[in-house]
Amino acid sequence: MRMGHRFTAAAAALVLATAPASAALACDKGEENGEKTGYAGEKADYTGEKAGHTGGEKPGKKPGMRPAKKTEGRAETDGAFLKTAHEAGLAEIAMSRDAAKNAVMPCVRTTAGTLVKDHTMMDKEIRDLARRLNVTLPRKETAEHRKSLRDMRRKAHKREYDTLWLKAAEAGHVQALELLDDEIAKGKNAEVREAARMARPVIAGHLAKVQVCQKER
């Protein structure tokens, strides 16, 4: 997947990632029923040989093929990343659109506009990846995100609004970088890892813009 131009040109931002990563990649519904499943066409690994019916077998332990330790992690890591990135990205777009209208500081309004553009492009990449990998994405941001935005709107057109937005944006982008680093280090799907790698410098750039605005307060 060649996403370099789109990510570095404007895109690939992942988030006000204020929600914790959860949920596993739904590569194959049969996986929940204990079936051997694949991730992006790759068969799940299994270790161990067929156990014989010998007297040395521990009581209660069924003979047969034994699944490798944490094989399901290849689904959980990538799927949780895509779901969290999408959900948090929706929240970031909503909050940044709001800031572009209701913030007082020009720096905040400009930064918010950049975030809307980048996160919108990034979310398209995430949705494309999720479609190819059979990941079901959340339809909207969390209730916590929506409440946070409602609370912020009560301070619209006041300096306090800018303060609250910048604080949330900084915390969210710090968490986003942690999320990206985790996927880069532990992700199993090459396309998803590449998306995380391409997103990281853009998210770091967002954080830098937010911190510049904080210094102007």
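Residues numbered from 1 in each chain as written. Predicted model: local features only at pLDDT ≥ 70, side-chain atom pairs only at ≥ 80, totals over all residues. Heavy atoms only, no water.

Asks: So what's going on with the overall build of the protein chain? Which residues, and what values?
Replies: For the protein chain, the helix and strand inventory stands at 6 helices and 4 strands. Order of helices (α) and strands (β) in the protein chain, N terminus to C terminus: α-β-β-β-β-α-α-α-α-α. When burial is assessed residue by residue, the protein chain has 43% of its 217 residues classed as buried. Nonlocal contacts in the protein chain, meaning residues at least 24 apart in sequence, comprise 79% of its contacts between residues at least 6 apart. Carbon and sulfur atoms make up 51% of the accessible area of the protein chain, which totals about 12,200 Å². (Helix = DSSP H or I, 4+ residues; strand = E, 2+ residues; numbered from the N terminus. Buried < 20%, exposed > 50% of the residue type's maximum accessible area, 1.4 Å probe, protein only. Contact = heavy atoms within 4.5 Å. Areas by Shrake-Rupley, 256 points an atom, 1.4 Å probe, with all protein chains shown as cover.)

Asks: Could you give an account of empty space enclosed by the protein, naming the residues involved and the relevant values?
Replies: The full count for this structure, using the stated rule, is 1 cavity of 30 Å³ or more. Lining of the largest cavity is provided by Ala91, Met95, Glu141, His145, Arg146 and Leu149. Going through the elements one at a time, helix 2 (73-102) and helix 4 (143-153) are the ones with two or more residues in the lining of the largest cavity. Of the residues forming the lining of the largest cavity, the biggest block, 3 residues, is contributed by helix 4. Class assignment for the residues of the lining of the largest cavity results in 3 nonpolar, 1 polar and 2 charged. (1 Å grid on protein atoms, 1.4 Å probe; cavity = no way out; pocket = protein on both sides within 12 Å on 5 of 7 lines; lining within 4 Å. Points joined across faces, edges and corners; volume = space filled by probe spheres on them. Nonpolar A, V, L, I, M, F, W, Y, C, P; charged D, E, K, R; others polar.)

Asks: Explain the pattern of salt bridges to me, using residue names and the numbers behind them.
Replies: According to the stated counting rule, one finds 11 salt bridges in the structure shown. A salt bridge links Glu191 to Arg132; the shortest N-O distance between them is 3.0 Å. One end of the pair, Glu191, is in helix 6 (residues 190-216); the other, Arg132, is in helix 3 (residues 106-132), with 59 residues separating them in the sequence. Note that Asp151 is salt-bridged to Lys147, the shortest N-O span being 3.0 Å. Of this pair, Asp151 and Lys147 both sit in helix 4, 4 residues apart, roughly one helical turn. Judged by relative accessible area, Asp151 falls into the partly exposed class, the value being 29%. Because the salt bridges share partners, they merge into one network encompassing Lys124, Asp128 and Arg131. (Salt bridge = Lys/Arg side-chain N within 4 Å of Asp/Glu carboxyl O.)

Asks: Can you lay out the environment of Gly113 for me, pointing to particular residues and giving the numbers?
Replies: Its location among the elements puts Gly113 in helix 3. Between the C-alpha atom of Gly113 and that of Ile93, which follows or precedes it by 20 residues, the distance is 9.3 Å.

Asks: Please give an account of the state of the cysteines that cites residues and values.
Replies: Taken as a whole and judged by the stated rule, the model has 1 disulfide. Here Cys107 engages in a disulfide with Cys213; their sulfurs sit 2.0 Å apart. Residues Cys107 and Cys213 are joined by a disulfide whose S-S torsion is about -85°; by sign, that bridge is left-handed. Placement of Cys107 in helix 3 and of Cys213 in helix 6 is noted, with a sequence separation of 106 residues between them. Taken individually, Cys107 and Cys213 each receive the classification buried, so the pair is uniform in this respect. (Disulfide = S-S within 2.5 Å.)

Asks: Can you explain the packing of helix 3 against helix 5 (residues 159-186)? Please cite residues and give values.
Replies: Contact geometry for helix 3 and helix 5: axes closest at 12 Å, N-to-C directions at 40°. Taken together, the axis directions place helix 3 and helix 5 in an arrangement best described as oblique. Two packed elements cross with a definite hand, and for helix 3 against helix 5 that hand is left-handed. In contact with Val108, Thr111, Ala112, Leu115 and His119 of helix 3, helix 5 contributes Asp162, Trp165, Leu166 and His173. The class makeup of the residues in the contact of helix 3 with helix 5 is 5 nonpolar, 3 polar and 1 charged. (Axes fitted to C-alpha atoms, helices over the stretch in contact; angles between N-to-C directions. Parallel < 35°, antiparallel > 145°, perpendicular 65-115°, else oblique. Left-handed = near helix turned anticlockwise from the far one by under 90°.)

Asks: Give a detailed account of helix 4, specifying residues and quantitative values.
Replies: Of the positions making up helix 4, those classed as buried are His145, Leu149 and Met152. Seen from one end, helix 4 has its buried residues packed into an arc of 60°, which puts them on one side. (Arc of directions from axis to C-beta.)

Asks: Help me get a handle on the nonpolar core, residues and values and all.
Replies: Formed by 20 residues in total, the largest nonpolar core has its most connected members in Phe81, Leu82, Ile126, Val135, Leu137, Leu180 and Val192. Broken down by secondary-structure element, the contributors of at least two residues to this core are helix 2, helix 3, helix 5 and helix 6. A per-element tally of this core places helix 6 first, with 6 residues. Dropping the residues within four chain positions of it, Leu82 is found in contact with Ile126, Leu129, Ala130, Leu133, Val135, Leu137 and Val192. Membership of the second largest hydrophobic core comes to 16 residues, among which are Met95, Ala103, Tyr161 and Trp165. (Core = buried A, V, L, I, M, F, W, Y, C linked by side-chain atoms within 4.5 Å.)

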